[in-house]
Amino acid sequence: MFKHLMPKQTPPLLPIALVGEAILGQTAITVHHFDAELAHLAEQMSASMEPAKGVGIAAPQVHSPLALFIMASQPNERYPDAPNMAPVVVVNPQIIHASSDLVGGEEGCLSVPGQRFNILRHQAIEVRYQNLQGEWQQAELTGFIARIFQHEFDHLQGITLLERSRMPEQAQSISAKSIEQGEAQ
């Protein structure tokens, strides 16, 4: 009778997988069932991300093997300059096109607590993904939002921020950037 007056219950928080746990090194599996169980997982992921001050979270980070992540940018202690955006649930994502322009930016990761890395990412990407109803969406993302997408997409490929920071293109680009900055000074 008074159900509409009762506060909405927050779903239980899920434990965050930490770097070194096997789930973070696995390629995520394609989602085929768009049902209440998937929607509940997305709710739990979102609820688990918020207190950790994240701007995104991938299913493998909460011990689920599914190809699913959430982007929910908003300014917080970890990312004070983050733009505001409504949370977006991304299922079975694909990067259709990526700009050749790479931009460095500081990133942290809920699975690599207490560490930050300067990571090069594509400035702009064109992406395709499904929503919770299984409907295909397409978008062009730039800047910080493109960075979030690429970071979370990495998790679905079994790549953590720690591995990304050690990839040859990161070291080469950072070395080249240091040389350029040295010449400019």
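Conventions and cut-offs
- Residues numbered from 1 in each chain as written.
- Predicted model: local features only at pLDDT ≥ 70, side-chain atom pairs only at ≥ 80, totals over all residues.
- Heavy atoms only, no water.
- Core = buried A, V, L, I, M, F, W, Y, C linked by side-chain atoms within 4.5 Å.
- Buried < 20%, exposed > 50% of the residue type's maximum accessible area, 1.4 Å probe, protein only.
- Helix = DSSP H or I, 4+ residues; strand = E, 2+ residues; numbered from the N terminus.
- Contact = heavy atoms within 4.5 Å.
- Expected span 1.5 Å × (residues − 1).
- Salt bridge = Lys/Arg side-chain N within 4 Å of Asp/Glu carboxyl O.
- Pairing = 2+ DSSP bridges.
- Phe/Tyr/Trp six-rings, centres within 6.5 Å; stacked < 30°, edge-to-face > 60°.
- Lys NZ or Arg CZ within 6 Å of the ring centre and 35° of its normal.

Engineer: Help me get a handle on the nonpolar core, residues and values and all.
Structural biologist: In terms of nonpolar packing, the biggest core is built from 19 residues, with Phe69, Met71, Leu141 and Phe149 touching the most fellow members. Secondary-structure elements contributing two or more residues to this core are strand 2 (68-71), strand 6 (124-130) and helix 2 (143-156). Among all residues touching Phe69, those that are not within four sequence positions of it are Met45, Ile57, Ala58, Val88, Val89, Val90, Pro93, Phe149, Glu152, Phe153 and Leu156. Leu14, Ile57, Ala72 and Val91 belong to the second largest nonpolar core, which has 15 residues in total.

Engineer: Help me get a handle on helix 1 (residues 36-49), residues and values and all.
Structural biologist: Compared with the 20 Å implied by 1.5 Å per residue over 14 residues, the 20 Å span of helix 1 between its first and last C-alpha is a close match. Residues of helix 1 that are buried include every one of Leu38, Leu41, Ala42, Gln44, Met45, Ser46, Ala47, Ser48 and Met49, and no others.

Engineer: Pulling in residues and values, what's your account of the pattern of salt bridges?
Structural biologist: Scanning the entire structure with this criterion turns up seven salt bridges. One salt bridge connects Arg116 with Glu106, and the closest N-O pair in it is separated by 3.0 Å. In this pair, Arg116 sits in strand 5 (residues 112-122) while Glu106 sits in strand 4 (residues 102-109), placing the two residues ten residues apart along the sequence. Residues participating in the shared-partner salt-bridge network are Glu107, Arg121, Arg147, Asp154, Arg164 and Glu169.

Engineer: Give me the lowdown on the pairing of strand 4, citing residues and values where you can.
Structural biologist: As defined by bridge partners, strand 4 adjoins strand 5 across eight bridges and the pair is classed as antiparallel. Paired with Gly108 across the strands is Arg116, a residue of strand 5. Connecting strand 4 to the next strand, strand 5, in antiparallel fashion are two residues.

Engineer: Account for the packing of aromatic side chains, naming residues and giving values.
Structural biologist: Going through the model one piece at a time under the given rule, you end up with three aromatic pairs. When the centroid spacing of 5.1 Å and the interplanar angle of 80° are considered together, the rings of Phe69 and Phe149 count as edge-to-face. Of this pair, Phe69 sits in strand 2 while Phe149 sits in helix 2; the two residues are 80 residues apart in sequence, bridging distant segments of the chain. A relative accessible area of 0% places Phe149 in the buried class. With a centroid separation of 6.3 Å and an interplanar angle of 15°, the aromatic rings of Phe149 and Phe153 are classed as stacked. Of this pair, Phe149 and Phe153 are both found in helix 2, four residues apart, which corresponds to roughly one turn of the helix. In this structure an aromatic cluster arises from ring pairing among Phe69, Phe149 and Phe153. One cation-aromatic arrangement involves Arg116 over Tyr79; the distance from NZ or CZ to the ring centre is 4.6 Å. The ring of Trp136 carries the charged tip of Arg128 above its face, separated from the ring centre by 3.8 Å.

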